[in-house]
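# Coordinates in review
Next come the chains, spelled out residue by residue.
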Amino acid sequence: MKISKARKACFKIMHTANDKSLYSDLGWNGPHQIMDAMSKAGLDFNLVEAKYFNEDKAKIWRMKINFINDKGVEKFFNADITAFCAGTVEYPWKQYDITITVF
């Protein structure tokens, strides 16, 4: 499969697994749910890093997804799951939303 088609397929899997507009949990169920869906779909991916940024108001999970293109050559692309706090001023992480980027 061509890289553009592989990226679109990966995004569809990730986006479908992101079934809520806001999450309210302490265990990062949203990002883990997305990564579980990727595993169940058979995607070969590695978590490269997970870190807080933006004064600890956001957290990002960076992944490298490996695949074999339509010519039989091993290739990869990247994907990010980013959580942004959406709670109250007192408890910013009481709720969070997620964005997904595949590039």
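As a reminder, the structure under discussion sits directly above these lines.
Report follows, based on the coordinates. (Residues numbered from 1 in each chain as written. Predicted model: local features only at pLDDT ≥ 70, side-chain atom pairs only at ≥ 80, totals over all residues. Heavy atoms only, no water.)

This part covers helix 1 (residues 3–17). Residues that lie three or four places apart on an α-helix share one face, since the helix turns once every 3.6 residues. Between its first and last C-alpha, helix 1 extends 21 Å over 15 residues, near the 21 Å set by a 1.5 Å rise per residue. All buried positions along helix 1 are accounted for by Ala6, Cys10, Met14 and Ala17. On an axial view of helix 1, the arc spanned by its buried residues comes to 65°, and they lie on one face. Exposed side of helix 1, more than 90 degrees from the buried face: Lys5, Lys8, Lys12 and Thr16 are the residues found there. Against helix 2 (29–40), strand 2 (58–68), strand 3 (74–85) and strand 4 (96–102) lie the buried residues of helix 1. (Helix = DSSP H or I, 4+ residues; strand = E, 2+ residues; numbered from the N terminus. Expected span 1.5 Å × (residues − 1). Buried < 20%, exposed > 50% of the residue type's maximum accessible area, 1.4 Å probe, protein only. Arc of directions from axis to C-beta. Contact = heavy atoms within 4.5 Å.)

Attention shifts here to the sheet that holds strand 1 (residues 44–53). Here we have four strands laid out as an open sheet, ordered 1-2-3-4, and antiparallel in their pairing. Whereas interior strands pair on both sides, the edge strands pair on one side only; in this sheet they are strand 1 and strand 4. For this sheet, the mean angle separating the axes of adjacent strands, direction not counted, is 20°. Of the pairings in the sheet, the one linking strand 1 to strand 2 comprises nine bridges and is antiparallel in character. What sits directly across from Asp44, in strand 2, is Asn66. Relative to strand 3, helix 1 is tilted by about 30°, and along the sheet it contacts strand 2, strand 3 and strand 4. Contacting strand 1, strand 2, strand 3 and strand 4, helix 2 runs over the sheet at an angle of about 35° to strand 4. (Pairing = 2+ DSSP bridges. Axes fitted to C-alpha atoms, helices over the stretch in contact; angles between N-to-C directions.)

Let us now look at the pairing of strand 3. When strand 2 meets strand 3, the two strands line up antiparallel, connected through eleven bridges. Across the sheet, residue Phe67 finds its bridge partner in strand 3, namely Lys75. The hairpin formed by strand 2 and strand 3 contains five residues between the paired strands, and Gly72 there has a positive phi angle of roughly 80°. With seven bridges connecting them, strand 3 and strand 4 associate as antiparallel partners. Looking at the pairing, Ala79 lines up with Val102 of strand 4.

Bringing the pattern of salt bridges into the picture now. Using the criterion set out here, one finds two salt bridges in the structure. With a closest N to O distance of 3.7 Å, Arg62 and Glu49 form a salt bridge. Here the residue Arg62 occupies a position in strand 2, and Glu49 occupies one in strand 1, the gap between them amounting to 13 residues. Taking the shortest distance from any N to any O, the salt bridge between Asp80 and Arg62 comes out at 3.2 Å. Pair noted here: Asp80 is in strand 3 and Arg62 is in strand 2, with a separation of 18 residues, a long-range link. In this structure Arg62 comes out as partly exposed when scored by relative accessible area, which is 33%. Each of the salt bridges in this network shares a partner with another, and the network as a whole consists of Glu49, Arg62 and Asp80. (Salt bridge = Lys/Arg side-chain N within 4 Å of Asp/Glu carboxyl O.)

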